[in-house]
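# Close look at the chain arrangement
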Amino acid sequence: MPIRKIIKFGNPILSWRAKEIDDVNTAEIASLVEDMIDTMQHHDGAGIAAPQIGISKRLVIFGFDKNPRYPEALPVPYTILANPEYEAVDDETDYKMEGCLSIPGIRGKVLRFKKIKYSGFDMEKKCKIDRVAEGFHARVVQHEIDHLNGILFLQRVLPEDFHLSGFEDELSEL
Ligand code: NI
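Throughout what follows, the structure given in this document is the object of discussion. Along each chain, the written sequence defines residue order, and numbers are assigned to residues from 1. Given that the model is predicted, a residue must reach a pLDDT of at least 70 before its local features are reported, and side-chain atom pairs must reach 80 or more before they are shown or counted; all residues, however, enter totals for whole chains, interfaces and linings. Hydrogens and water molecules were not included; the side-chain quantities draw on all heavy atoms of the structure.

A run of H or I in DSSP counts as a helix once it spans at least four residues, and a run of E counts as a strand once it spans at least two, with each numbered from the N terminus. For the protein chain, the helix and strand inventory stands at two helices and eight strands. Along the chain direction, N to C, the helices and strands of the protein chain fall in the order α-β-β-β-β-β-β-β-α-β. Taking the principal axes of the C-alpha coordinates as reference, the protein chain spans close to 45 × 35 × 30 Å. Note on areas: Shrake-Rupley, 1.4 Å probe, and residue coverage restricted to the protein chains presented here. Counting every atom, the protein chain has about 9,000 Å² of accessible surface; 53% of that belongs to carbon and sulfur. Counting 22 positive and 29 negative side-chain charges, the protein chain places the averaged centre of each group 2 Å from the other. In this charge count, Lys and Arg are treated as positive and Asp and Glu as negative; neither His nor the chain ends contribute. Working definition for charges: the position is that of NZ of Lys, CZ of Arg, CG of Asp or CD of Glu.

Attention now goes to the side chain of Gln-142. Within the fold, Gln-142 resides in helix 2 (residues 136-148). Each residue gets one of three labels from its accessible area relative to the maximum for its type: buried under 20%, exposed over 50%, partly exposed in between, using a 1.4 Å probe on protein chains only. The buried category is assigned to Gln-142, whose relative accessible area is 1%.

For the rest of this paragraph, the subject is the pairing of strand 5 (residues 106-113). Of all eight residues that make up strand 5, six are buried, and the element is covered over most of its length. When DSSP finds two or more bridges between a pair of strands, those strands are recorded as paired. Note: strand 4 (residues 93-99) against strand 5, seven bridges, orientation antiparallel. From the neighbouring strand, Thr-93 faces strand 5, where its bridge partner is Phe-113. In this structure, the hairpin formed by strand 4 and strand 5 is closed by a connection of six residues, where Gly-105 is found at a positive phi of approximately 85 degrees. Here strand 5 pairs with strand 8 (residues 166-167) via two bridges, running antiparallel. By the bridge assignment for strand 8, Ile-106 is matched with Phe-167.

Before going further, it helps to spend a moment on the side chain of Asp-161. The topology assignment puts Asp-161 in the loop between helix 2 and strand 8. The charged side chain of Asp-161 is buried without a salt bridge, its nearest counter-charge being Lys-109 at 6.4 Å. By definition here, a salt bridge exists when the distance from a side-chain nitrogen of Lys or Arg to a carboxyl oxygen of Asp or Glu is within 4 Å.

Ideal geometry at a metal centre: 109.5 degrees between donors when four sit tetrahedrally, and 90 or 180 degrees when six sit octahedrally. Each metal's donors comprise the N, O and S atoms found within 2.8 Å of it (within 3.2 Å for Na, K or Ca). Water is not part of the atom list, so some coordination spheres may appear incomplete. For the nickel ion, every protein donor is listed as Cys-100 (SG), His-143 (NE2) and His-147 (NE2), and the spread of their distances is 2.1 to 2.3 Å. Within one chain, the residues donating to the nickel ion are spaced in sequence as C-x42-H-x3-H. You can see Cys-100 sitting in the loop between strand 4 and strand 5 and its partner His-147 sitting in helix 2, a full 47 residues away along the chain. Both residues of the pair, Cys-100 and His-147, belong to the buried class.

So, on to the packing of aromatic side chains. By convention, a stacked pair of Phe, Tyr or Trp rings (six-membered ring in the case of Trp) has centres within 6.5 Å and planes under 30 degrees apart, an edge-to-face pair has planes over 60 apart, and any other such pair is tilted. Inspection of every chain in the model, using the stated rule, returns three aromatic pairs. A centroid spacing of 5.9 Å and a plane angle of 70 degrees characterise the contact between Phe-64 and Phe-136, whose relative ring orientation is edge-to-face. Here Phe-64 is found in strand 2 (residues 59-64), whereas its partner Phe-136 is found in helix 2, with 72 residues between them in sequence. By relative accessible area, Phe-64 is classed as buried at 9%. Accessibility expressed as a relative area gives 19% for Phe-136, which makes it buried.

Checked against the element boundaries, Lys-117 lands in strand 6 (residues 115-122). The partly exposed category is assigned to Lys-117, whose relative accessible area is 42%. Each C-alpha atom of the pair Lys-117 and Val-89 lies 6.3 Å from the other, and the pair is 28 residues apart in sequence.

On to the sheet that holds strand 6, then. Reading across from one edge, 1-2-3-6-7 is the order of the five strands in this open sheet, with antiparallel pairing throughout. What marks the edges here is a single partner per strand, and that holds for strand 1 (47-49) and strand 7 (127-134). Geometrically, the sheet is characterised by an average inter-axis angle of 35 degrees between neighbouring strands, direction not taken into account. Lying over the sheet, helix 1 (residues 27-42) contacts strand 1, strand 2 and strand 3 (76-88), oriented at roughly 40 degrees with respect to strand 2. Residue contacts are counted whenever heavy atoms from the two residues lie within 4.5 Å of one another. Axis definition: a line fit to C-alpha positions, over the contact stretch in the case of helices; interaxial angles, taken between N-to-C directions, run 0 to 180 degrees. Lying over the sheet, helix 2 contacts strand 1, strand 2, strand 3, strand 6 and strand 7, oriented at roughly 70 degrees with respect to strand 3.

Right under this line is the structure:
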């Protein structure tokens, strides 16, 4: 299966609301999943959303045991989810640096809910799942679902802390 080109910040597809997947059991969706897996692995991504390979559909993949892009992060269960949704469990937030394969080389400090409940159709288990997640796991899920709603992490950087964002090789905090 081919590694697909990752579209970057500036491509209009990244700002669209991606479409629901009505039928998860098609050859088209199966091949999209394969391509996303290969592309995410190739780039050492913690996660990837279908719009990042130019396909405006509500499908995300995330998870790793260890990730070189986020060496401090705890493992996140490897998950392939169609039509995912999340909600915050409470008001508690986490304020941490994150990056995105569509904004290569750049990191920014982003406020996210610390603990969330999320759900979606698990493409491996072939059923709907509900999970509670916190910390980096919750951050990745929020970041990927943002992609499905046309939102990039840079849009969530607080204006007063914009100076804390930038190219990885220029930042002291990652
Ligand atoms: Ni991203």
